[in-house]
Amino acid sequence: MITKNNIFLLFDFIRKQKKISNFNIKYSNNFFVHTKASKLADIIIKKNNIIFQCKIHKSLEEISLILIPILLNNKNFFIGQIGQSLDGKIALNNGKSHYINDKLSIIYLHCLRSICQAVVVGVNTIIKDNPQLTTRMVKGPNPVRVIIDPSLKLNNSYKIFKDGLSNIIFTHSSIQKKFKNTTVYKLPKKDFTLQIHKKLQLLNFSSVLIEGGATTLSKFIDNKLIDIMQFIISPMIIGSGINSLNLKPISNLDNALRPKNKIYRFGKEIIVSLNF
């Protein structure tokens, strides 16, 4: 049976596979292993078709059908994710956003974090939401938390500095501050987002989640630094509020981004996954 306690082991097993399009997987003695006999397999993978022959909660199956193809087809990736309303809002004008998306989408986000080595957010996300940025809703490793804080506004009062898990801060400020369980990197102000992307690669992060907010995601997309972008869309119309993206303006629709896409039904919501 696949549960929230062992699904990361499945993702980790998939990640370690070489370019194999067809294989069978069995869960045995708390490990996922190859098996030749499809009748004995718990999971059958034929190219990007995934068949579960074991017990698995519907929501975890839906999550697996989205994440396993990413792991099969991308050994290195920067993936963006944002939860929004049907009309593209991530919060009210007063900043309140709890909760636009369903609880199942939070589980999906935690699974997404579990397959990434680092999770990147802007400083305003930390200040407004004070998140933990962990995988606490599923069993799995926590990513290194990366905070983009250009002018070094943060202090040790936030949750990420109190749990002993690793953090990185990128800044271009000359202010000297000490943060618990945190490494601070000062980067040039010019092409700051490009500098961050390059530094993350130099630090050998092969899978990176850009989680928000809107400004951070927009800068990565504008600089063509995102491989996959996912929108978790709630069937809710807010009408006015903070937009999910604020990209550079264009004057001709021929310049609009039209990436390859897949649309997944996930509980009461949908996930639109774009491949750039």
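Residues numbered from 1 in each chain as written. Predicted model: local features only at pLDDT ≥ 70, side-chain atom pairs only at ≥ 80, totals over all residues. Heavy atoms only, no water.

**Q** How should I be thinking about the side chain of Ser 234 in this particular structure?
**A** Position of Ser 234 among the secondary structure elements: in strand β12 (residues 228-234). The exposure class assigned to Ser 234 is buried, which follows from its relative accessible area of 5%. Residues contacting Ser 234, with those up to four places away along its chain left out, are Gln 84, Ser 85, Leu 86, Ile 100, Asn 101 and Glu 269. (Helix = DSSP H or I, 4+ residues; strand = E, 2+ residues; numbered from the N terminus. Buried < 20%, exposed > 50% of the residue type's maximum accessible area, 1.4 Å probe, protein only. Contact = heavy atoms within 4.5 Å.)

**Q** I keep staring at the pairing of strand β4 (residues 49-52) and nothing clicks. Help me out?
**A** In regular strands, side chains alternate between the two faces of the sheet. On β4, burial follows the alternation: Ile 50 and Phe 52 on one face are buried, whereas Asn 49 and Ile 51 on the facing-out side are not. Note: strand β3 (residues 43-46) against β4, four bridges, orientation antiparallel. Within β4, the residue paired with Ile 43 across the bridge is Phe 52. From the end of β3 to the start of β4, which pair antiparallel, there are two residues, and Lys 47 there has a positive phi angle of about 60 degrees. (Pairing = 2+ DSSP bridges.)

**Q** Just checking my understanding: could you explain the state of the cysteines for this structure?
**A** Think of a disulfide as a covalent bridge from one cysteine sulfur atom to another cysteine sulfur atom. If you walk through the whole model with that rule in mind, you get zero disulfides. With no disulfide of its own, Cys 54 lies closest to Cys 111 among cysteine sulfurs, the gap being 15 Å. Look at Cys 54 and you get buried, because its relative accessible area is 17%. Free of any disulfide, Cys 116 has its nearest cysteine sulfur in Cys 111, 11 Å distant. Taking the relative accessible area as the measure of exposure, Cys 116 reaches 5% and is therefore buried. (Disulfide = S-S within 2.5 Å.)

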